[in-house]
Amino acid sequence: ESITIGDSVAVIGDSAFEGCTKLTSVSFLNREVDMPIGNKAFKWCTKLTKIALPIASTIGASAFEGCTALTSVDIKEGTKSLGQGCFAFCTSLTKVIIRDTDTVIPGVTVFQSCNPNLRIQCHQGSDVEISLKNLGLSTAPITE
């Protein structure tokens with residue numbers, strides 16, 4: 001139901017926890033080192049409500065797709081790219097913070113079929129904000 005990822009883990013591989021429907025929370029012992037998250041790593045973890053992401057230079061395609069209980073995500077500084085559909089069908093997702101000003105948002109599928117009240121906080125005037133607005137997504141300034 002909950003897991004803690006230790007210091008010795010360097011990457012969350014493709015499909016590592018895909019379909020773990022009883023998983024509710026994930027924590028990382030060291031959130032300050034780069035730990036890329038692979039494609040479909042947490043796909044269809046439908047009870048996942050809480051994840052405190054580490055620095056992840058990349059969050060792979062469909063990494064959190066279908067995590068229907070996930071309500072908020074804080075994407076740390078140092079995350080340089082989000083994969084296609086990485087948060088697609090996260091129907092409870094209402095708050096996302098993207099802290100890096102240069103994170104690449106490859107297209108609208110990143111947040112496809114998410115909660116219509118989704119607000120993405122980012123740095124005003126950043127490349128991230130411009131990309132999100134060009135995709136028709138709602139943005140707000142980072143307040144925390």
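Quick caveat, the model's predicted, so the values are computed rather than measured.

Some thoughts on the sheet that holds strand β1 (residues 2-5)
Piece 1. Within the open sheet, the three strands sit side by side as β1-β2-β3. Their pairing is parallel. Single-partner strands in this sheet number two, and they are β1 and β3 (50-51).
Piece 2. Pairing analysis gives four bridges linking β1 to strand β2 (residues 25-28), with the strands arranged parallel. Bridge assignment links T4 to a residue of β2, and that residue is S27.

Observations regarding the environment of C90
Piece 1. Looking at where C90 falls in the secondary structure, it is placed in the loop between β6 (81-82) and β7 (95-98).
Piece 2. A relative accessible area of 0% places C90 in the buried class.
Piece 3. C90 sits 23 residues away from S113 along the chain, and the two C-alpha atoms are 7.1 Å apart.
Piece 4. Leave out the neighbours within four places in its chain, and C90 touches F64, G66, C67, S113, C114 and N115.

Section: unusual backbone geometry
Piece 1. Of note, S15 is a non-glycine position whose phi angle comes to about 60°, a positive value.
Piece 2. Looking at the secondary structure, you find S15 in the loop between β1 and β2.
Piece 3. With a relative accessible area of 33%, S15 lands in the partly exposed category.
Piece 4. One non-glycine residue, W44, lies in the positive phi region at around 60°.

Notes on the packing of aromatic side chains
Piece 1. As enumerated under the stated definition, the model contains four aromatic pairs in all.
Piece 2. Measuring from ring centre to ring centre gives 5.2 Å for F17 and F42, while their planes differ by 10°; the resulting arrangement is stacked. One end of the pair, F17, is in the loop between β1 and β2; the other, F42, is in the loop between β2 and β3, with 25 residues separating them in the sequence.
Piece 3. Measuring from centroid to centroid gives 5.8 Å for F87 and F111, while their planes differ by 5°, and the two rings are stacked.

Observations regarding the sheet that holds strand β5 (residues 72-75)
Piece 1. If you trace the four strands from one edge of the open sheet to the other, you get β5-β7-β8-β9, paired in parallel fashion. Strands at the two margins of the open sheet, each flanked by one partner only, are β5 and β9 (139-141). Sheet twist, expressed as the mean angle between neighbouring strand axes with direction ignored, is 20°.
Piece 2. Of the strand pairs in this sheet, strand β8 (residues 119-122) and β9 are connected by three bridges, and their pairing is parallel. Its bridge partner being in β9, C122 is matched across the sheet by P141.
Piece 3. Sheet strands touched by helix α1 (residues 127-134): β7, β8 and β9. Its angle to β8, the strand with the most contacts, is close to 155°.

Some points on the environment of D14
Piece 1. Mapped onto the elements of the fold, D14 is located in the loop between β1 and β2.
Piece 2. Distance from D14 to F42, taken between C-alpha atoms, is 8.8 Å for residues 28 residues apart in sequence.
Piece 3. Apart from residues lying up to four places away in sequence, D14 is in contact with G38 and N39.
Piece 4. For D14, the side chain forms a polar contact with the main-chain nitrogen of N39, separated by 2.8 Å.

A word on α1
Piece 1. For α1, the set of buried residues is V128, E129 and L132. Viewed along the axis of α1, the buried residues span an arc of 95°, placing them on a single side of the element.
Piece 2. Residues of α1 that are buried make contact with β7, β8 and β9.
Piece 3. G136, located one to two residues past α1, shows a positive phi value of around 80°.

Basis of the calculations
- Residues numbered from 1 in each chain as written.
- Predicted model: local features only at pLDDT ≥ 70, side-chain atom pairs only at ≥ 80, totals over all residues.
- Heavy atoms only, no water.
- Pairing = 2+ DSSP bridges.
- Helix = DSSP H or I, 4+ residues; strand = E, 2+ residues; numbered from the N terminus.
- Buried < 20%, exposed > 50% of the residue type's maximum accessible area, 1.4 Å probe, protein only.
- Contact = heavy atoms within 4.5 Å.
- Phe/Tyr/Trp six-rings, centres within 6.5 Å; stacked < 30°, edge-to-face > 60°.
- Axes fitted to C-alpha atoms, helices over the stretch in contact; angles between N-to-C directions.
- Polar contact = N/O pair within 3.5 Å; in protein donor to acceptor, adjacent residues only side chain to side chain.
- Arc of directions from axis to C-beta.

By themselves these figures say nothing about function.
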